[in-house]
Amino acid sequence: PFFQYLMERNLGTEDTLITASGALLPLIRRPLVAGLSAADSASYVRPDSVRAVRLNYRVTNGLTGTDERIREVQSLVETPNNGVAMPTICGRAPLPVGAFSATEVGTLQGRIALTWARSADQDAGEVDVRQYVIWRRKTIEPAFGPILLVVRTEPDTVAYATEVTDNDPGESYIFGIAAQDCTPAFSTILTTTITLSGP
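Residues numbered from 1 in each chain as written. Predicted model: local features only at pLDDT ≥ 70, side-chain atom pairs only at ≥ 80, totals over all residues. Heavy atoms only, no water.

Caption draft 1: Summary view of the layout of surface pockets. When its volume is computed, the second largest pocket comes out at roughly 170 Å³. Lining the second largest pocket are twelve residues, with Val129, Arg130, Thr153, Glu154 and Pro155 sitting closest to its centre. Counted by class, the lining of the second largest pocket contains four nonpolar, two polar and six charged residues. (1 Å grid on protein atoms, 1.4 Å probe; cavity = no way out; pocket = protein on both sides within 12 Å on 5 of 7 lines; lining within 4 Å. Points joined across faces, edges and corners; volume = space filled by probe spheres on them. Nonpolar A, V, L, I, M, F, W, Y, C, P; charged D, E, K, R; others polar.)

Caption draft 2: View of the sheet that holds strand S6 (residues 111-117). Read across the sheet, three strands follow the order S5-S6-S9 without closing on themselves; strand pairing throughout is antiparallel. Of all strands in the sheet, those with a lone pairing partner are strand S5 (100-105) and strand S9 (159-164), marking the two edges. Taken pair by pair, the neighbouring strands of this sheet meet at an average axis angle of 20°, ignoring direction. Summarising the sheet, S5 and S6 pair through six bridges and their orientation is antiparallel. Paired with Thr103 across the two strands is Ala113, which belongs to S6. (Pairing = 2+ DSSP bridges. Helix = DSSP H or I, 4+ residues; strand = E, 2+ residues; numbered from the N terminus. Axes fitted to C-alpha atoms, helices over the stretch in contact; angles between N-to-C directions.)

What follows is the structure, encoded as structure tokens:
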């Protein structure tokens, strides 16, 4: 391949670089819009993890037959705009999102559309919000578990939307969302409750 994309991955104990191939390609950065599943969201922001691009090519002396000489050359181009380290101090914790709601999509499909307004610290204030973190739990559960979804900020985006598809029809859920800055500190968690239609 002429281009090879080296992506940052965390393997549990340390970060490493992997070469994007197979189902990871093509790498196309797209804005997050309404109706996306968690898998779609991950695919759309995957190019953000590219840390370098390797170029592979061959050069020849222009002759033919036994007089021809071919050399394979590789060149690695870093992408500092993707790999800049986040500052370690951002100030106070960010302000929460302006609004947060959950809406059932269809009936008996287990699909929930989440929408929210950006934090006031995303493009104004301290301008340090890097992403929005979403949790989910059933109303009968006492606390949120692991993070469900992370949505990176888009400059000048006022309203965000994503879709969660693996919900049980007839169940009641509480979703929580917080803005996260580069410290990384969380804002206050804003919650919304929804009960899905049941069979």
